[in-house]
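Residues per chain, in single letters:
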Amino acid sequence: GNKRAKNFPEILLEILSNPCYVSIVSWLPNGKSFAIHDANKFSSEILPKYFRRVIFRSFVRKLNRWGFRSVKRSISGFETTFEHTSFCRDQ
């Protein structure tokens, strides 16, 4: 078929909209940034289902390449939080 492969933000949206994953990764209440609550489980349970590279560091590099920015813990309240101006929950 002509179904094109999903790009990185689309895959990310799919992961974030899966209710099974909320304890591992979830949107913050504002829907403008997301937090990875458990990097180990994220790497072992989620990354292998969606990506070839399952190293957490390379996932973070990919986020950076797509223009995602890390949000300081003092602002988000979470250790590992990322945001992108055009990436939000209700698009």
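The rules behind the values
Residues numbered from 1 in each chain as written. Predicted model: local features only at pLDDT ≥ 70, side-chain atom pairs only at ≥ 80, totals over all residues. Heavy atoms only, no water. Phe/Tyr/Trp six-rings, centres within 6.5 Å; stacked < 30°, edge-to-face > 60°. Helix = DSSP H or I, 4+ residues; strand = E, 2+ residues; numbered from the N terminus. Pairing = 2+ DSSP bridges. Expected span 1.5 Å × (residues − 1). Contact = heavy atoms within 4.5 Å. Polar contact = N/O pair within 3.5 Å; in protein donor to acceptor, adjacent residues only side chain to side chain. Core = buried A, V, L, I, M, F, W, Y, C linked by side-chain atoms within 4.5 Å. Buried < 20%, exposed > 50% of the residue type's maximum accessible area, 1.4 Å probe, protein only. Salt bridge = Lys/Arg side-chain N within 4 Å of Asp/Glu carboxyl O.

Let's talk about the packing of aromatic side chains
Consideration 1: Applying the stated rule across the entire model yields 13 aromatic pairs.
Consideration 2: With centroids separated by 5.7 Å and ring planes inclined at 45 degrees, the aromatic side chains of Phe 8 and Phe 51 adopt a geometry described as tilted. Here Phe 8 is found in helix H1 (residues 8–16), whereas its partner Phe 51 is found in the loop between helix H2 (39–50) and helix H3 (56–65), with 43 residues between them in sequence.
Consideration 3: Ring pairs connect the aromatic residues Phe 8, Trp 27, Phe 34, Phe 42, Phe 51, Phe 56, Phe 59, Trp 66, Phe 68, Phe 82 and Phe 87, which therefore count as one cluster.

Considerations on the pairing of strand S4 (residues 80–83)
Consideration 1: Across four bridges, the pairing between strand S2 (residues 33–36) and S4 is antiparallel. Residue pairing in the sheet places Ser 33 in a bridge with Glu 83 of S4.
Consideration 2: Taken together, the three bridges between strand S3 (residues 69–71) and S4 define a ladder with antiparallel strand orientation. Its bridge partner being in S4, Ser 70 is matched across the sheet by Phe 82.

Let's talk about H2
Consideration 1: The end-to-end C-alpha separation of H2 is 15 Å, in line with the 16 Å expected for twelve residues at 1.5 Å each.
Consideration 2: Buried residues belonging to H2 abut H1, strand S1 (25–27), S2 and H3.
Consideration 3: A distance of 3.2 Å separates the backbone nitrogen of Asn 40 from a side-chain oxygen at the start of H2, and that oxygen is part of Asp 38.

A short note on the nonpolar core
Consideration 1: The biggest cluster of nonpolar side chains holds 21 residues, and the ones touching the most others in it are Leu 12, Val 25, Phe 34, Phe 42, Phe 59, Leu 63 and Phe 68.
Consideration 2: Here this core gets five residues from one element, more than from any other, and that element is H1.
Consideration 3: Once residues within four sequence positions are removed from consideration, Phe 59 is found in contact with Phe 8, Leu 12, Ile 36, Phe 42, Leu 47 and Phe 51.

A look at the pattern of salt bridges
Consideration 1: For the coordinates displayed, the defined rule picks out two salt bridges.
Consideration 2: Of the charged contacts in the structure, one is a salt bridge between Glu 14 and Lys 6, with a shortest N-O distance of 2.2 Å.
Consideration 3: The exposure class of Glu 14 is partly exposed, given its relative accessible area of 31%.
Consideration 4: Note that Arg 89 is salt-bridged to Asp 90, the shortest N-O span being 3.8 Å.

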